[in-house]
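Architecture and fold: a report
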Amino acid sequence: MQENGKGSDSSDSTGDGTRRSRFDRRTFLGAAATTGAVALAGCTGGGSDDSTTEDSGSTDEGGDTESTDTTAASGGKQGGTLQWGGAVPVQGLDPHIDTSAASKRVLENIYEEVVALQDDYSIEPHLAESMEQSDDNTLLTFNLRQGVTFHNGKEMTSEDVLASYERVQNGDYLATGFFDYVEELRAPDDYTFEVQLTEPFAPFLAKMATAELSVMPAENAEKDMVEEPIGTGPYVFESREIETSFTMSRNEDYWGASDEDGPFIDTIVKSEVPDPSVRLQSFLAGEYDFINGIAPKDVSRVEQAPDVRFEKQFPKSLVYLGLNCDVAPFDNKDARLALDYTIDKEKVAEAALYGTGQTTASPATPGSPWVNPDIEPRPRDLDKAQEHLDAAGMSDGFTATFKIPQSYPTQVQAAEVIAADAAEVGINLEIQQITWSTWLSDVYSNRDFQATTSSYLALWYPDVSFYKFLHPNGAFFFTNWENEDYNALVEEARTIYDEQERADLYHQATEILHEERAGHLFLWWQPSLYGAASQYKGDIGAPDGSTLQFGDNWLDR
């Protein structure tokens, strides 16, 4: 949820040490690209805003990246200290427990996983140098790299991977639920790790690419809570001052190090600067080399600043209008459709994001194969809105409460435009600004609402987009919309490993969401907005859409 929600992670670097390269489908029988799931990261709540904006990394093919200074990430310069003005303070340091994207933005560089998400949303071996899958899709075998060491100098072996996974399986951690489909975990020798599934379960591999299944030394895996992170990643934890700063240094013994791909920067110091105005002003004054969480209203100011590199990257978060389908008036499909037809989505997105977002009619990540290209947001049409009001038996319109989390100004601004649009056909949306904690208790937990807005993070994997929030058994289901045909499609998708077959199911599921005007009326994708000094080189962001990877970044000064 929001910045306090579960964020998904992935590692970087490929089998040959080349970061973010394409997935070699021959390596994993084509299964990996489609598998996986989750990232649980998503989260209800909050898009970015003007007060505590948070960003995510992103993609090239998969999403949309704009930069005022595109720099190829090859052949970096070693040395220097990156001063980072961060939008949200680091929360916890245990990757299996901590849900915040802010924490994952630093832990992403310290911990690594057996497999890693790529820019095209495929999954590739990472701490494993190869992986195989049985014909019946129930046995995953990973051949681990030799010579990979943790930051404490100990070599990583299959016992560490096994201990890390058993910690999650046998505890109460973010990914524990995914082990319901695991029959056995095995480490038959020092460099082989096996996962025996009870049945084909495509989301498991994607879960393996998240920080929720980071590999840690076996002795740390025995702890209930890890307070000093030790991983195998390109950066080593140095220090943390709560609510003030976080420091990490270059891993001199990184297994994937190269002159081409880094890591290059000696030290990264994240200063916690939650106030967006203070953060931006300090950045423009030269106090920081890099900031995340630029407020949409400040984009033009950053773009016009001299010697500044601005980046806008999709995807970050999906903001939606949630409708409670268990209570009147939105228990009526025609009432939902009537509201949908009143909204000028482009105008709403423009008002909230100053032109930085993009509208959508699908929960699938932009640019991914899961997007149904034939489904677009309904255009505003007041005649059709009236037709559906008539069909609903509400020809004169209706009144409904519209609970908006006040800490997210973009959603407040959007709600005002939506309410004004709806009023033209007699739909009276009574805006009630509420605190985030009230949103969590009243709207999310108690389902005491008629209409609301919120957002999801890190939807790089379709099982999050289509199951977690929209299936009655999903972990964050709360809008009470249920459809047996939809449920059957997304349940079947979890067992399918072929990308095209799976995409077809999600395309059908999207049609149902759209036709039925499900409890989620998708509004826009909100990008990550970054500012960097012109001397800061390399790709910014990570493929998962929520975190940052600094391994191939450098300072040209």
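Residues numbered from 1 in each chain as written. Predicted model: local features only at pLDDT ≥ 70, side-chain atom pairs only at ≥ 80, totals over all residues. Heavy atoms only, no water.

With respect to the overall build of the chain
Assigned secondary structure in the chain consists of 14 helices and 20 strands. The burial tally for the chain puts 65% of its 557 residues in the buried class. Long-range contacts, defined as pairs at least 24 residues apart, comprise 77% of the intrachain contacts of the chain with a sequence gap of at least 6. Accessible surface, the chain: about 18,200 Å² in total, of which carbon and sulfur atoms supply 41%. (Helix = DSSP H or I, 4+ residues; strand = E, 2+ residues; numbered from the N terminus. Buried < 20%, exposed > 50% of the residue type's maximum accessible area, 1.4 Å probe, protein only. Contact = heavy atoms within 4.5 Å. Areas by Shrake-Rupley, 256 points an atom, 1.4 Å probe, with all protein chains shown as cover.)

Brief notes about the pattern of salt bridges
Applying the stated criterion to the full structure yields 21 salt bridges. For the salt bridge of E424 with R380, the shortest nitrogen-to-oxygen distance reads 3.2 Å. Taken together, the positions of E424 in the loop between α10 (409-423) and β16 (427-434) and R380 in the loop between β14 (358-359) and α9 (382-391) put the pair 44 residues apart, joining distant regions of the chain. For E424, a relative accessible area of 51% corresponds to the exposed category. Classification of R380 as partly exposed rests on a relative accessible area of 30%. One salt-bridge network, in which partners are shared between bridges, spans D340, K345, R378 and R517. (Salt bridge = Lys/Arg side-chain N within 4 Å of Asp/Glu carboxyl O.)

Quick notes on unusual backbone geometry
Of all residues except glycine, most have a negative phi; of all peptide bonds, most are trans. Note that the residue after G262, namely P263, is joined by a cis bond; omega there is 5°. By secondary structure assignment, the location of P263 is in the loop between β10 (245-250) and β11 (267-272). Within the chain, Y121 stands out as a residue other than glycine whose phi angle is a positive 75°. Structurally, the position occupied by Y121 is in the loop between β3 (115-117) and β4 (123-125).

So, the packing of aromatic side chains
Counted under the stated rule, the structure contains 29 aromatic pairs. Ring geometry for Y320 and Y456: centres 4.5 Å apart, planes at 20°, overall stacked. Pair noted here: Y320 is in strand β13 (residues 308-323) and Y456 is in strand β17 (residues 451-457), with a separation of 136 residues, a long-range link. Exposure remark for Y456: the relative accessible area of 2% places this residue in the buried category. On the basis of an interplanar angle of 80° and a centroid distance of 5.8 Å, the ring pair of W370 and Y506 is categorised as edge-to-face. Within this pair, whereas W370 is found in the loop between β14 and α9, its partner Y506 is found in helix α14 (residues 499-516), the two being separated by 136 residues in sequence. (Phe/Tyr/Trp six-rings, centres within 6.5 Å; stacked < 30°, edge-to-face > 60°.)

Considering the sheet that holds strand β6 (residues 139-144)
If you trace the four strands from one edge of the open sheet to the other, you get β5-β6-β8-β7, paired in antiparallel fashion. With one partner strand each, in any of the chains shown, β5 (128-133) and β7 (182-189) form the two edges of the open sheet. For this sheet, the mean angle separating the axes of adjacent strands, direction not counted, is 15°. Two strands pair when backbone bridges link them, and β6 and strand β8 (residues 192-197) are joined in this way by five bridges, in the antiparallel orientation. The residue of β8 that forms the bridge with L140 is V195. Its contacts with the sheet place helix α2 (residues 158-170) against β6, β7 and β8, and it is angled at close to 160° to β7. (Pairing = 2+ DSSP bridges. Axes fitted to C-alpha atoms, helices over the stretch in contact; angles between N-to-C directions.)

Some thoughts on α2
Between its first and last C-alpha atoms α2 spans 18 Å; for 13 residues at 1.5 Å apiece the expected length is 18 Å, and the two agree. Considering only its buried residues, α2 is in contact with β6, β7, β8, α3 (203-208) and α4 (218-221). (Expected span 1.5 Å × (residues − 1).)

Considering helix α13 (residues 484-493)
Burial in α13 covers these residues: Y486, N487, L489, V490 and A493. For α13, the buried positions fall inside an angular range of 160° around the axis, keeping them on one side. Opposite its buried face, α13 presents the exposed residues E484 and D485, each directed more than 90 degrees away. At its buried positions, α13 is contacted by α12 (462-468) and α14. With a side-chain oxygen lying 3.0 Å from the backbone nitrogen of D485, the N-terminal cap of α13 falls on N483. (Arc of directions from axis to C-beta. Polar contact = N/O pair within 3.5 Å; in protein donor to acceptor, adjacent residues only side chain to side chain.)

Here we look at the confidence of the model for the chain
Residues at a pLDDT of 70 or more form 87% of the chain, whose mean pLDDT is 86. Segment residues 1-64 is flagged for pLDDT under 50; beyond a separation of four residues in sequence, or across chains, it makes 341 contacts in the model. For the stretch residues 69-73, pLDDT sits under 50, and the model shows 13 contacts to residues farther than four places along the chain or on other chains. (pLDDT = per-residue confidence, 0-100.)

Looking at the environment of Q133
Here Q133 lies in strand β5. For Q133 and V195, which are 62 residues apart along the polypeptide, the C-alpha to C-alpha distance reads 9.7 Å. Reaching out from Q133, the side chain makes a polar contact with the side chain of N137 at a distance of 3.2 Å.

Examining the pairing of strand β18 (residues 520-533)
Most of β18 sits inside the fold, with 14 of its 14 residues counted as buried. Both strand β12 (residues 290-291) and β18 contribute to a ladder of two bridges, which runs antiparallel. When the bridges of β18 are listed, F290 appears paired with A532. With 12 bridges connecting them, β13 and β18 associate as antiparallel partners. Across the sheet, the residue bridging to G322 is H520, located in β18.

A look at the nonpolar core
Among the nonpolar cores identified, the biggest contains 43 residues, and V114, F142, Y165, F204 and M208 are the most heavily contacted of them. Mapped by element, the contributors of at least two residues to this core are β3, β5, β6, α2, β7, β8 and α3. Formed by 37 residues, the second largest nonpolar core is a distinct cluster that contains L318, Y408, F478 and A493. (Core = buried A, V, L, I, M, F, W, Y, C linked by side-chain atoms within 4.5 Å.)

Structural notes on the environment of Q450
Relative to the helices and strands, Q450 is located in the loop between α11 (436-445) and β17. Since its relative accessible area comes to 18%, Q450 is described here as buried. On a C-alpha basis, the gap between Q450 and K403 in space is 7.9 Å, while along the polypeptide they are 47 residues apart. In this structure, Q450 is in contact with G322, L323, N324, V327, A328, P329, F330, T399, A400 and T401, ignoring residues within four places of it in sequence. A distance of 2.9 Å separates a polar side-chain atom of Q450 from the backbone oxygen of A328.

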